[in-house]
2 protein chains.
Amino acid sequence: MERTFEQNLDAYAHLIINTGCNVQPGQELFISSDIANAQLVRLLVAEGYRVGASNVTVHWTDEQVSRMHYDNRPLEAWSQFPEWQAELQNGVARRGAALLFIDSEDPYGMTGVDPRKFAARTKAAHEACKEWRRGMDFGLNVWCIVGAASPAWASRVFPDLPVEEAVGKLWDAIFATVRVNTPDPDAAWMAREKDFKRHVDWLNGLGLDRLHYTNGIGTELTVGLNADGLWEAGGGYTKGGTFFFPNMPTEEVFSTPDRERVDGIVYSALPLNHDGTLIDRFWVRFEGGRAVECGAEQGQEALQSIIDTDEGSHYLGECSLVPKESPIHQSGILFLSTLFDENAACHLALGMGFPECLKGGLDMSKDELLAAHVNQSATHVDFMVGTDDLTVTGFARDGREVPIFVDGTWAE
Amino acid sequence: MERTFEQNLDAYAHLIINTGCNVQPGQELFISSDIANAQLVRLLVAEGYRVGASNVTVHWTDEQVSRMHYDNRPLEAWSQFPEWQAELQNGVARRGAALLFIDSEDPYGMTGVDPRKFAARTKAAHEACKEWRRGMDFGLNVWCIVGAASPAWASRVFPDLPVEEAVGKLWDAIFATVRVNTPDPDAAWMAREKDFKRHVDWLNGLGLDRLHYTNGIGTELTVGLNADGLWEAGGGYTKGGTFFFPNMPTEEVFSTPDRERVDGIVYSALPLNHDGTLIDRFWVRFEGGRAVECGAEQGQEALQSIIDTDEGSHYLGECSLVPKESPIHQSGILFLSTLFDENAACHLALGMGFPECLKGGLDMSKDELLAAHVNQSATHVDFMVGTDDLTVTGFARDGREVPIFVDGTWAE
């Protein structure tokens, strides 16, 4: 099965619009992208209109210009979110648009920027874009994050290759992880969805009270689970009943922990690239759900800054299971992008939890969710904990002990 | 004097920010550009911050995406202007930003689009962006339009050249017209400003009541001038006292006619490219200021659609004098862009007049301006009337007859 690059890009655009976003006739489509991805974006706009979108709004950004903003504007400027951008984001969310994000950032493009500026920006955006957040967090809007091989990103992943070759190689890797290298990528995703459902149904049927993580690098962590908690994977439904895939690629089966019942220590399995700063060989210790201590051989300040974003960023919002057979893990490529790397290994996330991972959660207010121990925060930062020797043991509410992961993969 | 392309682009960015926009410390800067011009835009953002801009907002567009919008969205969609974009434009205007526009459009990029969609869009923008329009029309904001050689535009100007060569040649032409090919471009612009002032002072001292245009292709037009009318050229001042150049390049000396006293017929000297449609070999007949009849060998429908945009677009808002020695005329290049081509020949414009061309006009309301015979409209479309044999005779209010232009150039 050999396609030209243009044919692959066409197939990718088709997959994103039809299966990722599942854009409906008459619906709006919002696309956020760096200008480096214009070729893909134009195909997406064309496909969006082809399937009947009433309007497609492209919000272009340029990473080099963004960097100049961060370098030149003082910290206090970042606690103000532009009104026009809030209106743009809230407006499309309010009108039920499909929200599509093209991720192509240079993993080190923001290296050296004061991390407090990002934290201030995140907080300000959270305040200003309430309808936008609600639309994504509470299943009102479909949303989808996909990758694109920008020259800046590709050069970081393959630093020894000439830039054009690096871009080609990163595109090939992206196409493989999203199954664009199969005869019918849209069908492949729907088939994959059945595999996800098998693991999700198994986990949801176990009546788990908590998970216990252990491995050879020192992790000894207990993660409590809500009695009404749900495991999810692959695609999901909006409250209006539209099926979509929030992430492409995706290999994870995930839930939201009980924010008050996380105890022990967890060590990172992969470096974390956060807003351009690399945080490596780090650990976090939890007591009663709260991150009370952390350490890092590299990027300690940035790690502390993530944890200190707000009160909720001291608690876990996600626990995800990814077997070591994941094609992203098998590719051996460190993508330096959470969208890809989080699908290479089991991970946890500090910050915002998932309402859809609690029965009835999509109909609850933020206060109700918090009362039900689903974490609330302006941020959500994944970090990888899945080593090839990771064991995850489940403890059911009826007392049973169930192996979930053994040696880094599904126990069944 | 040989500079590399990068040196020229640097000098151009310096000229635009410092002399064109005259950006002040603490001021905001707004830049609107196609993504094709990223290299120039990044230099402009950097220079903006270097001179102390408090924030630089870049509004990116992509012509290919814009074309898809026009092809796919129905006429009725265009009478709604996006709220976020109104807030973006009104917001920067309200906060006193310098407004910078990079013009690089494919002259035929919109060929075939229903012209009523552009008219609807223009009208909707005019309604929605009141503070924005006020900022530019009434001297509150500095604003500056400059060119950039996009591949799409360059390929139209030099259709027989390979695209890279066409881009290089168009950049060279742009650099020459804005005097970036001189040792100190910023100083060259301030020197040129003195030449403008000489002609402006002469015209303003004549006490002109009307101009009479005649040439060999049939033009016989009388253009009335307001007793309180003013001629302007080159740079201007905001009400706050900041000196700026609204257009780069500029070769024109211009005023606003008495909207009620335009009579006769005028023939086009150059084709008019309007929103991607070429209008060629056309004429317009005026009675009591109003365009009552028009004809075109090509693009008649588009011409009629311009005139019919609103009531004000039936009247003249501008009369401009450009001698045939203009470097743009001498270059022999048809740029297919009003910004450049209007500086190749004498021209008139249908639509919005210039409040700054009436004594006290910047302090008048739209109603007061209309009462003073300064035209008001949602649009402003230039068309070229200056042939090499054009004669313009002035009739002063004291009865004197004064030659203004003879054989296409200044009579003195």
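Scroll up for the structure.
Residues numbered from 1 in each chain as written. Chains lettered and ligands numbered in written order. Predicted model: local features only at pLDDT ≥ 70, side-chain atom pairs only at ≥ 80, totals over all residues. Heavy atoms only, no water.

Once that is clear, we can look at the overall build of chain A. Of the regular secondary structure elements, chain A holds 13 helices and 21 strands. In terms of overall dimensions, chain A has a C-alpha envelope of 55 × 50 × 45 Å along the principal axes. Taking all 412 residues of chain A together, the buried fraction comes to 59%. A separation of at least 24 residues holds for 75% of the contacts in chain A among residues at least 6 apart in sequence. With the model as given, the accessible surface of chain A reaches about 16,000 Å², and the carbon-plus-sulfur share is 49%. Across chain A, the mean location of the 33 positive side-chain charges is 4 Å away from that of the 61 negative side-chain charges. (Helix = DSSP H or I, 4+ residues; strand = E, 2+ residues; numbered from the N terminus. Buried < 20%, exposed > 50% of the residue type's maximum accessible area, 1.4 Å probe, protein only. Contact = heavy atoms within 4.5 Å. Areas by Shrake-Rupley, 256 points an atom, 1.4 Å probe, with all protein chains shown as cover. Lys, Arg positive; Asp, Glu negative; His and termini not counted. Charge placed at Lys NZ, Arg CZ, Asp CG, Glu CD.)

Core analysis: the biggest nonpolar cluster contains 112 residues, and Tyr12(A), Leu100(A), Tyr12(B) and Leu100(B) have the highest contact counts within it. Residue contacts for Tyr12(A): discarding those within four places in its chain leaves Leu40(A), Val146(A), Gly147(A), Trp171(A), Ile174(A), Phe175(A), Val178(A) and Val180(A). (Core = buried A, V, L, I, M, F, W, Y, C linked by side-chain atoms within 4.5 Å.)

Once turned by 180 degrees and shifted 0.0 Å along the axis, chain B lies on chain A with an RMSD of 0.0 Å. When the rotation and shift are considered jointly, the pair of chain copies conforms to a two-fold rotation axis. Minimal C-alpha distance to the rotation axis in chain B is attained by Trp84(B), lying at 2.4 Å. (Least-squares fit on C-alpha atoms with pLDDT ≥ 70 in both.)

Here the focus is the packing of aromatic side chains. On inspection of all chains with the given rule, the structure shows 37 aromatic pairs over all chains. Each ring, one from Tyr12(A) and one from Trp171(A), has its centre 6.0 Å from the other, and the planes form 80 degrees; the classification is edge-to-face. Linking Tyr12(A) in helix α1 (residues 5-20) with Trp171(A) in helix α8 (residues 163-177), this pair joins segments that are 159 residues apart in sequence. Classification of Tyr12(A) as buried rests on a relative accessible area of 0%. Residue Trp171(A) is classed as buried on the basis of its relative accessible area of 8%. Members of the aromatic cluster, joined through ring pairs, are Phe5(A), Tyr12(A), Trp171(A) and Phe175(A). Above the ring of Trp78(A), the side-chain terminus of Arg73(A) is found at 5.5 Å from the ring centroid. Note that Arg192(B) overlies the ring of Phe196(B), its terminal NZ or CZ placed 4.0 Å from the centroid. (Phe/Tyr/Trp six-rings, centres within 6.5 Å; stacked < 30°, edge-to-face > 60°. Lys NZ or Arg CZ within 6 Å of the ring centre and 35° of its normal.)

This part covers the pattern of salt bridges. Per the counting criterion, the structure on display carries 46 salt bridges over all chains. Put simply, Arg400(A) and Asp398(A) hold a salt bridge, and the shortest N to O gap is 3.3 Å. Judged by relative accessible area, Arg400(A) falls into the partly exposed class, the value being 40%. The exposure class of Asp398(A) is exposed, given its relative accessible area of 58%. The partner of Glu293(B) in a salt bridge is Arg285(B), with the nearest N and O atoms 2.8 Å apart. Members of the salt-bridge network, linked through shared partners, are Arg179(A), Arg192(A), Asp195(A) and Glu251(A). (Salt bridge = Lys/Arg side-chain N within 4 Å of Asp/Glu carboxyl O.)

Residue and element names in this part refer to chain B. Along the chain, the position of serine 268 falls in the loop between β12 (257-267) and β13 (272-274). Serine 268 sits in the buried class, given a relative accessible area of 10%. If we ignore the near neighbours within four places in the chain, the residues touching serine 268 are Ile217, Arg281, Phe282 and Met384.

Once that is clear, we can look at the environment of Tyr237(B). All names here are of chain B. In this structure, tyrosine 237 sits in strand β8 (residues 236-237). As for tyrosine 237 and asparagine 226, which are separated by 11 residues in sequence, their C-alpha atoms are 21 Å apart. When residues no more than four places from it in sequence are discounted, the contact partners of tyrosine 237 are Thr242, Phe243 and Phe244.

The subject of this paragraph is the sheet that holds strand β18 (residues 380-384) of chain B. Residues and elements named next belong to chain B. What the 5 strands build is an open sheet, ordered β7-β11-β16-β17-β18; its pairing is antiparallel. The sheet is open, and its two edges are formed by β7 (232-233) and β18, each paired on a single side. With 5 bridges joining them, strand β17 (residues 347-351) and β18 adopt antiparallel strand pairing. Residue pairing for β18: alanine 349 is matched across the bridge by aspartate 382. (Pairing = 2+ DSSP bridges.)

A separate point is unusual backbone geometry. Residues and elements named next belong to chain A. Here the residue pair methionine 248 and proline 249 is connected by a cis peptide bond, since its omega of 5 degrees sits within 30 degrees of zero. Summarising the element assignment, proline 249 is placed in the loop between β10 (247-248) and β11 (253-255). A positive phi angle, near 65 degrees, is found at arginine 179, a position not held by glycine. Looking at the secondary structure, you find arginine 179 in the loop between α8 and α9 (185-205).

Attention now moves to the interface of chain B and chain A. One frequent convention defines the size of an interface as the accessible area lost when the parts assemble. Contacts between the two partners involve 24 residues from chain B, matched on the other side by 24 residues from chain A. In total, chain B and chain A occlude about 2,300 Å² of area from one another, counting both sides; carbon and sulfur atoms represent 66% of this. Linking chain B with chain A are 2 salt bridges. Where Arg42(A) meets Asp62(B), a salt bridge forms, and the shortest distance between an N and an O atom there is 2.6 Å. Where chain B touches chain A, the interface holds 10 residue pairs in polar contact (both at pLDDT 80 or more). At the level of elements, α2 (38-50), β2 (55-61), α3 (63-72) and α4 (83-94) of chain B are the ones that each hand at least two residues to the side of chain B that touches chain A. Here the element with the most residues in the side of chain B that touches chain A is β2(B); it accounts for 6 residues. Considering only residue class, the side of chain B that touches chain A consists of 12 nonpolar, 7 polar and 5 charged. (Buried area = accessible area lost by both parts, 1.4 Å probe. Polar contact = N/O pair within 3.5 Å; in protein donor to acceptor, adjacent residues only side chain to side chain. Nonpolar A, V, L, I, M, F, W, Y, C, P; charged D, E, K, R; others polar.)

We now examine the packing of α4(B) against helix α6 (residues 130-137) of chain B. Residues and elements named next belong to chain B. It is the contact of α4 with α6, at a shortest axis distance of 7 Å, that shows an interaxial angle of 40 degrees. With respect to each other, α4 and α6 are oriented oblique. Crossing of α4 over α6 shows left-handed handedness. Within the contact between the two elements, α4 uses Gln89, Asn90, Val92, Ala93 and Arg94 and α6 uses Lys130, Glu131 and Trp132. (Axes fitted to C-alpha atoms, helices over the stretch in contact; angles between N-to-C directions. Parallel < 35°, antiparallel > 145°, perpendicular 65-115°, else oblique. Left-handed = near helix turned anticlockwise from the far one by under 90°.)

All names here are of chain A. Relative to the helices and strands, glutamine 330 resides in helix α11 (residues 327-331). It is 7.9 Å that separates the C-alpha atoms of glutamine 330 and alanine 344, two residues lying 14 residues apart in sequence. Sequence-distant contacts of glutamine 330, that is, excluding residues within four places in its chain, are made with Lys324 and Glu325.

All names here are of chain A. Its 15 residues place the ends of α8 21 Å apart at the C-alpha level, agreeing with the 21 Å of an ideal helix rising 1.5 Å per residue. Residues of α8 that are buried include every one of Ala166, Val167, Leu170, Trp171, Ala173, Ile174, Phe175 and Thr177, and no others. Buried residues along α8 sit in contact with α1, α2 (38-50), β4 (143-147), α7 (151-157), α11 and α12 (338-341). Looking one or two places after α8, you find arginine 179, whose phi comes out positive at around 65 degrees. (Expected span 1.5 Å × (residues − 1).)

Let us look at the sheet that holds β11(A). Residues and elements named next belong to chain A. One open sheet holds the 5 strands; their spatial order is β7-β11-β16-β17-β18, and the pairing between them is antiparallel. Only two strands of the sheet have a single neighbouring strand rather than two, namely β7 (232-233) and β18 (380-384). As judged from the 3 bridges shared by β11 and strand β16 (residues 316-321), these two strands associate in the antiparallel manner. Bridging from a neighbouring strand, phenylalanine 254 pairs with serine 320 of β16.

All names here are of chain B. With respect to the element layout, histidine 126 can be found in helix α5 (residues 115-128). Exposure remark for histidine 126: the relative accessible area of 17% places this residue in the buried category. Through-space distance from the C-alpha of histidine 126 to that of serine 377 is 9.1 Å; in sequence the pair is 251 residues apart. If we ignore the near neighbours within four places in the chain, the residues touching histidine 126 are Arg133, Lys366, Ser377 and Ala378.

Nothing here speaks to function; it is all geometry.
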